[in-house]
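Read off the chains here:
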Amino acid sequence: MPWIDSHCHLDAPEFDADRDAVMQRARLAGVGMLVLPAVAVAGFETLIALAHRHRLAYALGIHPLCVDGAADADLDRLDQALQQHRDDPRLVAVGEIGLDHFVPGLDRARQERFYAAQLKLARAHGLPVILHVRRSADGLLKHLRRTEVPGGIAHAFNGSDVQARQFAAFGFKLGFGGALTFERALQIRRLAADLPADVPVLETDAPDIPPQWLYVKAGEREQRAPSRNEPAELPRIAESLAALRGWSIEETAARTAANVAAALPRMAALLGPGA
Ligand SMILES: [Zn+2]
């Protein structure tokens, strides 16, 4: 049973110098499958080529932090790309989409419009969605009530218990990563421990959200560059989930892989024998 990194930005410029080595380390660590979410239309072709080159899965969408830099016509381009690649088994979701109410200075109305439009595209194309949640769980849920989509993953989940259960009721799995490894991340650790077993999935969000052993404190950043997270860290991050749940490592791998496959049904064909 290979580990699945359900959210990795392998196309990010942080990996330009050594992307193949990063993938090699991931495979050596037992991370056999990654889901690569898109952030902007301009990157779609590179992302698709990368997923094929390394036999991975990908999602197409416009990230909330990229909405201010996107053109309205990008929503049409996304629609066209989803149509063009509809028979590609590696296309597993619409994402990364959502709302970010943490980063200051963003156009909230525009974010909301792009999020709503992308939910409609997901529904039209019959695809689940990969959601970016940052101080925005209620706003995301509001639109899920209006536009029914076939579930998906709320990645790097950081909402409340009530919000977590509402996402789960809409058929969503919740992504847990590096934040789990910090003792002081009480709310996230409690959620990971207490949610029903069919809800958590694992992710790195690499190159972001470094686990505790890679984290560089703000005061040390002058001496030491912020560390880059990478998919090979996933099994060690998984140890935190295993400890919180009282699961063996094997059980953790099996359950989280099954949860990813349930959230992103097209993954099943990529994970099967001979895939
Ligand atoms: Zn992301």
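Residues numbered from 1 in each chain as written. Predicted model: local features only at pLDDT ≥ 70, side-chain atom pairs only at ≥ 80, totals over all residues. Heavy atoms only, no water.

Draft legend 1. Expanded view of the overall build of the chain. When helices and strands are tallied, the chain shows 10 helices and eight strands. A compact globule built from 275 residues should have a C-alpha radius of gyration of about 19 Å, and the chain, at 17 Å, falls within 12% of that. Taken along its principal axes, the extent of the C-alpha atoms in the chain is 45 × 40 × 40 Å. Buried positions account for 53% of the 275 residues belonging to the chain. Accessible area of the chain: about 11,900 Å², with a carbon and sulfur share of 52%. (Helix = DSSP H or I, 4+ residues; strand = E, 2+ residues; numbered from the N terminus. Rg over C-alpha atoms; globule rule 2.2 N^0.38 Å. Buried < 20%, exposed > 50% of the residue type's maximum accessible area, 1.4 Å probe, protein only. Areas by Shrake-Rupley, 256 points an atom, 1.4 Å probe, with all protein chains shown as cover.)

Draft legend 2. Layout of the coordination of the zinc ion. At the metal site, the zinc ion is ligated by His-7 (NE2), His-9 (NE2) and Glu-96 (OE), and these contacts range over 2.1 to 2.2 Å. Read in sequence order, the donor residues for the zinc ion give the motif H-x1-H-x86-E. We classify His-7 as buried; its relative accessible area is 0%. (Donors = N, O, S within 2.8 Å, 3.2 Å for Na, K, Ca; no water.)

Draft legend 3. Representation of the state of the cysteines in the model. Taken as a whole and assessed by the stated rule, the structure comprises zero disulfides. Lacking any disulfide linkage, Cys-8 is separated from the closest cysteine sulfur, that of Cys-66, by 16 Å. With relative accessibility at 25%, the residue Cys-66 sits in the partly exposed group. (Disulfide = S-S within 2.5 Å.)

Draft legend 4. Quick look at the layout of surface pockets. Of the voids in this model, the largest pocket is the one considered here, and its volume is about 1,000 Å³. Looking at the largest pocket, it is lined by 37 residues, and the ones nearest its centre are His-132, Arg-134, Asp-205, Asp-208 and Ile-209. Listed by contribution, the elements that provide at least two residues to the lining of the largest pocket are strand 5 (129-134) and strand 7 (172-176). Among the elements that line the lining of the largest pocket, the one with the most residues is strand 5, at three residues. (1 Å grid on protein atoms, 1.4 Å probe; cavity = no way out; pocket = protein on both sides within 12 Å on 5 of 7 lines; lining within 4 Å. Points joined across faces, edges and corners; volume = space filled by probe spheres on them.)

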